[in-house]
Amino acid sequence: MGDDMVDRSFGEVAVSVAIYQIRRWVRFGRQVGGSSRYILKTYPMRLALVFLCAFAANAQQSFDFVVYGGTAGGVATAVAAARHGLKTALLEPRDHIGGMVSGGLSGTDTGRKEVIGGMALEFYYRAGRKYNMDRHLNELSWMPEPKVAEAIFREMLKEAGVTLFERHRLKEKSGVVKSGNRVTAILTENGVRFSARYFADTSYEGDLMAQAKVSYTYGREGISDYGESLAGIRAVTESHQFAVDVSARGKDGKVLPEVSTEPRGRPGEGDKRIQAYNFRVIATNVAENRLPWPKPAGYDPKRYELLANYLDAMTPFLGRPLTFNEVSLLRIIPNGKVDLNNRNGFSTDYIGKNYGYPEGSYAERERIWKEHIDYQQGFYYFLANDGRVPKSLQEEVRSYGLAKDEYIDTNHWPHQLYIREARRMVSDFVSTQKDLQTERTKPDVIGMGSYASDSHNIQRFINDRGFVENEGDVQVQVQPYQIPYRILVPKRAEVVNLLVPVCFSSSHISYASMRMEPQYMIIGHAAGIAAALAAKGNLAVQDVSMAELQSQLREEGAVFEYSIDAYNKAFSAIRKRFAVPARTGPIPWGRPAKQ
């Protein structure tokens, strides 16, 4: 946020200084009797004019396709379009590329791996090459380290010829220029105007989409909205729940921190609450690469009294203390590291503290972001240092710490908050529960999904017995389903040249499955090719030929059906792109060569 302000101030000040100097030198030249032609020939004047012209040129950027949001889906969208001939720009508001894939979510949510094709499969294939997985008779690495993931994304952008603009955040309230139902330009805070024929919003927040006046929603629908049995406030939440009764009040009778006093609400009704966010922290137990758990500013152990009571109650319930993996899920990734996630009743999810994020101002989002850092750092610090934590658990937590070789520029803390869900577009077609369970084939298929409907908890309330209870978590398995192109295009009357591959048109329950990072890349891959096809025919994105789009996607390894044959064909397409060069040097069964 601060860097953006610096960039914007520099641009504004630079122009002001140049104009001031030009006027000053003109006045001085006239005072000494110089002509206008003479004044303009002077070196200082030339320098100022050159500088001003250069800045003005830089402030006006023109492309065929502008992609806003450097998430994994954004990289896939931009790379696909550039490979198909579009002059493409990718704008990222912050300093890193890859979103959650390079932001800590190394333990990839794959579901059934056989449905992952296209550019998503290419990414994990590239990761396999980075780790020389062929040594282990494998070709894929599903769990790359964050620094490796970001390096791969940057390589893909460079190879495709995508122009990357980091620290270019959309102006907060006036960042989108429209003419009728077309977006003509977007404006960034640091004074740059990007014009293009087509645009894509691949951010987690959907700010470009919202400013373009595209219909959207956030929160949960009720059961009655789309007839979804899983929708709305849950009557019973079994997953990531307190396994034992823990009082919502302390010894003084006051409600404990991190417990809401708001009523749960009526089961089945919708609301504007949001599933919890957290950071996917990368930790290690390799001593030479381990840093101690940081103590956040203003740390107060009383904030975690509910956690202490929960740990204390679980020991007699289980007959043993909880383990680190039971309070913060450990996913093992390469080189002695783990990806830490939320688990059980009280963990890394900061439940109920992100409701203002989807519609929040930039300042409010920064505040929410910082509050999540403080909460989660305090959570780990408490486990590692507080005397109320069982000794065995504390020793295990202390054996880990932040990885010294990750996130060098953000104090080894992830640079991306896990925004599991924010805005969701509402288009002519909205994917719902039935599209995951009973109506799983689509004529405009562009890829597949298979991960369970997975919504994290949304609130922590006091039940009618006075105990704490989490509400909102959904864990319902699905069969592999087809993802339709219709979910990423807005209503024609609203915009005809915008694609939305991340905040796509879906209910909360459908989004809970389709929001996985491989699916974002799959959808982004299709969006990039669709932009190229639309540009070729000067078409609205709603009018792209499905036959052409599907044909091209198949050539590039997309998977449209759940079968070994379809997966093998997809893999063959990826292998073809990265054909292994012919072997050089001695063969394993040959004789030693003479010097």
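What you see is a predicted model; the values in this text were computed from it and never measured.

**A closer look at the overall build of the protein chain**
Then step 1. Tallying secondary structure elements over the protein chain gives 17 helices and 20 strands in all.
Then step 2. The burial tally for the protein chain puts 56% of its 595 residues in the buried class.
Then step 3. Restricting the contact set of the protein chain to residue pairs at least 6 apart, pairs at least 24 apart contribute 77%.
Then step 4. For the protein chain, the exposed area adds up to about 25400 Å²; of that, 51% sits on carbon and sulfur atoms.

**Let's talk about helix α16 (residues 546–555)**
Then step 1. For α16, the set of buried residues is Met546, Leu549, Gln550 and Leu553. The buried side chains of α16 occupy one side of the element, clustering within an arc of 95 degrees when seen end-on. With respect to the buried face of α16, the exposed residues turned more than 90 degrees away are Ala547 and Glu555.
Then step 2. Contact partners of the buried residues in α16: β14 (445–449) and α15 (517–537).
Then step 3. Two residues or fewer after α16 comes glycine 557, characterised by a positive phi angle close to 95 degrees.

**Structural notes on the pairing of strand β10 (residues 328–333)**
Then step 1. Here six bridges tie β10 to strand β11 (residues 337–342), and the two strands are oriented antiparallel to one another. Considered in β11, the bridge of serine 328 is made with asparagine 342.
Then step 2. Where β10 folds back on β11, the antiparallel hairpin that results is connected by three residues, among which asparagine 335 adopts a positive phi of roughly 60 degrees.

**Focus on the packing of helix α4 (residues 72–83) against α15**
Packed helices, taken two at a time, are described by their axes: the angle between them and the distance between them.
Then step 1. In contact at an axis separation of 7 Å, α4 and α15 are set at 25 degrees when each is read in the N-to-C sense. As far as their axial angle goes, α15 and α4 are roughly parallel. By crossing handedness, the relation of α4 to α15 is classed as right-handed. Only Glu517, Tyr520, Met521, Gly524, His525, Ala527, Gly528 and Ile529 of α15 make contact with α4, whose side of the interface consists of Ala72, Gly73, Ala76, Thr77, Ala80 and Ala81.
Then step 2. Partitioned by chemical class, the residues of the contact of α4 with α15 number eight nonpolar, five polar and one charged.

**As for the packing of aromatic side chains**
Then step 1. Here the structure, examined in full by the defined rule, presents 28 aromatic pairs.
Then step 2. Ring geometry for phenylalanine 165 versus phenylalanine 194: centroids 4.9 Å apart, planes at 75 degrees, classification edge-to-face. Separated by 29 residues along the polypeptide, phenylalanine 165 in strand β3 (residues 163–166) and phenylalanine 194 in strand β6 (residues 193–201) bring together distant segments of the chain.
Then step 3. Classification of phenylalanine 165 as buried rests on a relative accessible area of 12%.
Then step 4. Classification of phenylalanine 194 as buried rests on a relative accessible area of 0%.
Then step 5. Through a chain of ring-to-ring contacts, three or more aromatic side chains come together here, namely Trp293, Tyr299, Tyr304, Phe324, Phe346, Tyr350, Tyr375, Phe379, Tyr380, Tyr381, Phe382 and Tyr400.
Then step 6. Just above the ring of tryptophan 369 sits the side chain of arginine 94; from NZ or CZ to the centre is 3.9 Å.

**Observations regarding the pattern of salt bridges**
Then step 1. Enumeration over the complete set of coordinates arrives at 39 salt bridges.
Then step 2. In this structure, the salt-bridge partner of aspartate 207 is arginine 423, at a minimum N-O distance of 2.6 Å. Taken together, the residues span a long stretch of sequence, with aspartate 207 in helix α7 (residues 207–211) and arginine 423 in the loop between β12 (401–403) and β13 (424–425) at a distance of 216 residues.
Then step 3. Classification of aspartate 207 by relative accessible area gives buried; the value is 9%.
Then step 4. Judged by its relative accessible area of 7%, arginine 423 is buried.
Then step 5. Between arginine 420 and aspartate 349 there is a salt bridge, with the nearest N and O atoms lying 3.2 Å from each other. Of the two residues, arginine 420 is situated in the loop between β12 and β13 and aspartate 349 in the loop between β11 and α11 (362–385); the sequence distance between them amounts to 71 residues.
Then step 6. You can call arginine 420 buried: its relative accessible area is 1%.

**A few points about the nonpolar core**
Then step 1. With 135 residues, the main nonpolar core has Trp293, Phe324, Tyr485, Leu499 and Leu549 as its most contacted residues.
Then step 2. In terms of residue count, the dominant contributor to this core is α15 (13 residues).
Then step 3. Excluding residues within four positions of it along the chain, tryptophan 293 makes contact with Val281, Ala283, Phe324, Leu340, Tyr380, Tyr381, Ala384, Val397, Tyr400, Gly401 and Leu402.
Then step 4. Counting residues in hydrophobic clusters, the runner-up holds 24 residues, among them Ala196, Met209, Ala212 and Val495.

**Structural notes on the side chain of aspartate 454**
Then step 1. For aspartate 454, the location among the structural elements is in strand β15 (residues 453–455).
Then step 2. Leaving out residues up to four positions away in the same chain, aspartate 454 has contacts with Gln275, Val474, Gln475, Ala512, Ser513, Arg515 and Met516.

**A word on helix α9 (residues 305–318)**
Then step 1. The first and last C-alpha atoms of α9 sit 20 Å apart over 14 residues, in line with the 20 Å expected at 1.5 Å per residue.
Then step 2. By the burial criterion, the buried members of α9 are Leu306, Leu307, Ala308, Tyr310, Leu311 and Met314.
Then step 3. Just beyond α9, the residue with positive phi is glycine 319, at close to 80 degrees.

**Focus: the confidence of the model for the protein chain**
Then step 1. Per-residue confidence for the protein chain gives a mean pLDDT of 92, with 88% of residues at or over 70.
Then step 2. At the level of individual helices and strands, the protein chain shows its lowest average pLDDT in helix α1 (residues 2–31), which scores 46, and its highest in strand β20 (residues 498–499), which scores 99.
Then step 3. This model gives residues 1–14 a pLDDT under 50, and the stretch forms 16 contacts once residues within four places in sequence are excluded.

**A look at unusual backbone geometry**
Then step 1. For tyrosine 407, which is not glycine, the phi torsion reads 55 degrees and is therefore positive.
Then step 2. Among the structural elements, tyrosine 407 can be located in the loop between β12 and β13.
Then step 3. Assessed through its relative accessible area of 6%, tyrosine 407 is described here as buried.
Then step 4. Positioned with a positive phi, asparagine 411 is a non-glycine residue whose angle comes to about 55 degrees.
Then step 5. Here asparagine 411 shows up in the loop between β12 and β13.

**A short note on the packing of α15 against α16**
Then step 1. At their nearest, the axes of α15 and α16 sit 10 Å apart, and the two run at 130 degrees to each other. Between α15 and α16, the angle falls in the class oblique. In the crossing of α15 with α16, the sense of the turn from one axis to the other is right-handed. For the pair α15 and α16, the contacting residues are His525, Ala526, Ile529, Ala530 and Leu533 in the first and Glu548, Leu549, Gln552 and Leu553 in the second.

**Comments concerning the sheet that holds β10**
Then step 1. Reading across the sheet, the five strands line up as β9-β12-β8-β11-β10 and stay open at both edges, with antiparallel pairing between neighbours. The sheet is open, and its two edges are formed by β9 (290–291) and β10, each paired on a single side.
Then step 2. The pairing of β9 with β12 spans two bridges and is classified as antiparallel. Residue pairing for β12: arginine 290 is matched across the bridge by alanine 403.

What counts, and at which threshold
- Residues numbered from 1 in each chain as written.
- Predicted model: local features only at pLDDT ≥ 70, side-chain atom pairs only at ≥ 80, totals over all residues.
- Heavy atoms only, no water.
- Helix = DSSP H or I, 4+ residues; strand = E, 2+ residues; numbered from the N terminus.
- Buried < 20%, exposed > 50% of the residue type's maximum accessible area, 1.4 Å probe, protein only.
- Contact = heavy atoms within 4.5 Å.
- Areas by Shrake-Rupley, 256 points an atom, 1.4 Å probe, with all protein chains shown as cover.
- Arc of directions from axis to C-beta.
- Pairing = 2+ DSSP bridges.
- Axes fitted to C-alpha atoms, helices over the stretch in contact; angles between N-to-C directions.
- Parallel < 35°, antiparallel > 145°, perpendicular 65-115°, else oblique.
- Left-handed = near helix turned anticlockwise from the far one by under 90°.
- Nonpolar A, V, L, I, M, F, W, Y, C, P; charged D, E, K, R; others polar.
- Phe/Tyr/Trp six-rings, centres within 6.5 Å; stacked < 30°, edge-to-face > 60°.
- Lys NZ or Arg CZ within 6 Å of the ring centre and 35° of its normal.
- Salt bridge = Lys/Arg side-chain N within 4 Å of Asp/Glu carboxyl O.
- Core = buried A, V, L, I, M, F, W, Y, C linked by side-chain atoms within 4.5 Å.
- Expected span 1.5 Å × (residues − 1).
- pLDDT = per-residue confidence, 0-100.

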